[in-house]
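Below, each chain spelled out in residue letters.
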Amino acid sequence: MQGKVMAGQRVRRLRRERGLTQARMAAQLGISTSYLNLIERSQRPVTVPFLLKLGQAFDIDLQRFAEDDEGRVTAQLREVFGDPLFARSRVGDQDIRDAAQASPALGDAVILLFRAYRDLLENTMNGAEGLGAAGEGSPLAPLAGAAGSPSDEVQEFVQARSCYFPEIEEAAERLRADESLDADGLYEGLRAVLTDAHGLKVRLMPAHVMHDLVRRYDRHGRRVMLSEALAAEERVFQLAHQLGLLGWHELFDDIAAQSGLQGEARRLLVIDLAGYFAGACVMPYERFHAAAEALDYDIDLLGRRFGASFEHVCQRLVTLQRPGAKGVPFFLVHLDCAGNVLRRFDAGGFRFARFGGLCPRWGVHRAFRTPGETRFDIVEMPDGASYLTIARAVTRPGAGHALPGQQLVVAIGCQLSHANRLVYGSGVDPERPAGVTSIGINCRLCERTDCSARAYPPSGRRLIVDENQQGLSPYFFA
């Protein structure tokens, strides 16, 4: 273990969750109570032998236990306290770090409360009229759940699981083995399983009949209908998705129950897990991981080998989190043409703003200019961390000219130190990269003074208003 790792708060949190005294936990670990006390007070670093004893005694995932909760909470609290709401507060960066270290759970609660405040503020500004103070759709409604939108809740849970669900991987592998499914005949194989195991017929329907649907399960007619507008790889994915919902719904329900999500968020999570199942079925973990390493993570070649779209390959790449067989730690973002972030997954140290858009200087926005082409950028964050990003504008299935499919940018990226593992980073010197673009998290949180692309001044900085000068940026600030 390099350096000293202080994990006292995490050890104490684990002990309290298990309802143990220090003496009892120390006895189970085979160490002295005084030594455990020193670890919990962060006066002694955790060691590899200690972590191994912890994993064996309490059956925990050491990788997830060792994740940097403090770093994640610190970054998100900085966003919260960077809001103009706290412009006059005396909360400094050291206060934030101290709070995150002392109690990440308390920090998460503050973030949750702030999200509810932002939802209330946005709904109020949208001018909802004629609604009761606590009725459905009221500006006060977000406070009842205090958890933001259902899709945000789902993304937070998936993020907490590192976007990896071994139980779903196992279910997909078992399906392929039991049914002898292979890549060349996967569509027909899945179709046969739906017919033999569930008594369903698969019908390819005209786009004008399906209208704005690409897949529909007709429970009473005992059929699964797919739109003819779907490309071949999308048809396979949709069949696998439907099969997951039918055959493994109990598994998805169990995971959803463990998540603690309720209502719409819980139902959305089940749908998301079925999509994960489809990806694992089309791109089996071991084969896909081996192919990704052998092909230097060439997304197009991976898509052709496994019969998957650019979007689905990118989504599968971020799930390569199996202990002992991990892939490159990617982050992922889906962006629409209005700048809305539809989906995000943080990995490799990259931090997205939870409350706001992306930096306008980041080249992913420009991918809309060249649909279907892959764009590569090297970006540097204000803390000096550099990343290689890969982005492409893709179009999801539509229903012809009258109902075109949604266009969005799918982007993944990783720390520049991993660039030599990717075909896209060939020739890049991680120590002295060329063509680096300096970006920030977003305008309100970025302290860069040399940016001409600002949409907003940074929070907490005093504006300088001078009618006698005009700069490239609309804002001057102290």
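Our structure's up above, just so we're on the same page.
What comes next concerns the included structure. (Residues numbered from 1 in each chain as written. Predicted model: local features only at pLDDT ≥ 70, side-chain atom pairs only at ≥ 80, totals over all residues. Heavy atoms only, no water.)

Scanning the model with the defined rule gives 11 aromatic pairs in all. Aromatic side chains Y164 and Y285 sit 6.1 Å apart centroid to centroid with 65° between the ring planes, which places their arrangement in the edge-to-face category. With Y164 in the loop between α10 (150-160) and α11 (166-178) and Y285 in helix α17 (residues 285-294), this pair connects stretches of sequence that are 121 residues apart. Seen in terms of ring centroids, Y297 and F330 are 5.7 Å apart; in terms of plane orientation they differ by 65°. Their pairing is edge-to-face. Of the two residues, Y297 is situated in the loop between α17 and α18 (299-306) and F330 in the loop between β5 (325-326) and β6 (331-336); the sequence distance between them amounts to 33 residues. Taken as a pair, Y297 and F330 share a single burial class, namely buried. Put simply, the rings of F157, F165 and Y276 touch in pairs and so form one group of aromatic residues. Its end group placed over the ring of Y285, R322 keeps NZ or CZ at 4.1 Å from the ring centre. (Phe/Tyr/Trp six-rings, centres within 6.5 Å; stacked < 30°, edge-to-face > 60°. Helix = DSSP H or I, 4+ residues; strand = E, 2+ residues; numbered from the N terminus. Buried < 20%, exposed > 50% of the residue type's maximum accessible area, 1.4 Å probe, protein only. Lys NZ or Arg CZ within 6 Å of the ring centre and 35° of its normal.)

Another point: the pairing of strand β8 (residues 374-380). Here β8 pairs with strand β9 (residues 386-395) via seven bridges, running antiparallel. Bridge assignment links R375 to a residue of β9, and that residue is A391. Count of turn residues in the β8/β9 antiparallel hairpin: five residues, of which G384 carries a positive phi of about 95°. Strand direction decides the pairing type here: β8 and strand β11 (residues 436-438), joined by three bridges, are parallel. Each bridged residue has a counterpart across the sheet, and for V379 the counterpart in β11 is T437. (Pairing = 2+ DSSP bridges.)

A few words now on the nonpolar core. If you look at the biggest cluster of nonpolar residues, it comprises 76 residues, and the most contacted ones within it are L175, L190, I299, L302, L317, F330 and L422. Residue contributions to this core peak at 11 residues, all from helix α16 (residues 263-282). (Core = buried A, V, L, I, M, F, W, Y, C linked by side-chain atoms within 4.5 Å.)

With mixed pairing, three strands are arranged side by side in an open sheet as β1-β3-β2. The open sheet has two edge strands with one neighbour each: β1 (201-205) and β2 (215-218). Taken over all neighbouring pairs, the strand axes of this sheet differ in orientation by 20° on average, direction set aside. Here β2 pairs with strand β3 (residues 223-227) via four bridges, running antiparallel. Bridge pairing in β3 links R215 to L226. (Axes fitted to C-alpha atoms, helices over the stretch in contact; angles between N-to-C directions.)

Let us look at the pattern of salt bridges. Going through the model one piece at a time under the given rule, you end up with 12 salt bridges. Salt-bridge contacts for E40 lead to R12; the nearest nitrogen and oxygen are separated by 3.7 Å. Placement of E40 in helix α3 (residues 33-40) and of R12 in helix α1 (residues 8-17) is noted, with a sequence separation of 28 residues between them. Residue E40 is classed as buried on the basis of its relative accessible area of 2%. The partner of E167 in a salt bridge is R161, with the nearest N and O atoms 3.2 Å apart. Exposure remark for R161: the relative accessible area of 12% places this residue in the buried category. A cluster of three or more residues bridged by salt bridges with shared partners is formed by R12, R15 and E40. (Salt bridge = Lys/Arg side-chain N within 4 Å of Asp/Glu carboxyl O.)

Quick look at the side chain of T74 now. Here T74 lies in helix α6 (residues 69-81). Look past the residues within four positions of T74 in its chain and what remains in contact with it is I96, R97 and A100. (Contact = heavy atoms within 4.5 Å.)

So, on to helix α4 (residues 48-58). Where α4 is concerned, the buried positions are F50, L51, L54, G55 and F58. The buried residues of α4 occupy an angular sector of 135° when projected down its axis, which confines them to one face. Phi for D59, located one or two positions after α4, is positive at around 50°. (Arc of directions from axis to C-beta.)

Note: strands within a sheet are paired through backbone hydrogen bonds, in either parallel or antiparallel orientation. Here we have six strands laid out as an open sheet, ordered β7-β6-β10-β9-β8-β11, and mixed in their pairing. Each edge of the sheet is formed by a strand with only one pairing partner; in this case those strands are β7 (341-345) and β11. When strand polarity is set aside, the average angle formed by the axes of neighbouring strands in this sheet is 25°.

All right, on to α1 then. Since the α-helix turns once every 3.6 residues, residues separated by three or four places project in the same direction. Listing the buried residues of α1 in full gives G8, Q9, R10, V11, L14 and R15. Among the residues trailing α1, G19 stands out with phi positive, at a value near 70°.

Right, let's get into the packing of helix α14 (residues 232-247) against α16. Running from amino to carboxyl end, α14 crosses α16 at an angle of 125°, the nearest separation of the two axes being 8 Å. The pairing of α14 with α16 is recorded here as oblique in orientation. In terms of crossing hand, the pair formed by α14 and α16 is right-handed. Facing V236, F237, A240, H241, G244 and L245 of α14, the residues of α16 in contact are V270, I271, A274, G275, F277, A278, G279, C281 and V282. Looking at the contact of α14 with α16 residue by residue, the class counts come to 11 nonpolar, four polar and no charged. (Parallel < 35°, antiparallel > 145°, perpendicular 65-115°, else oblique. Left-handed = near helix turned anticlockwise from the far one by under 90°. Nonpolar A, V, L, I, M, F, W, Y, C, P; charged D, E, K, R; others polar.)

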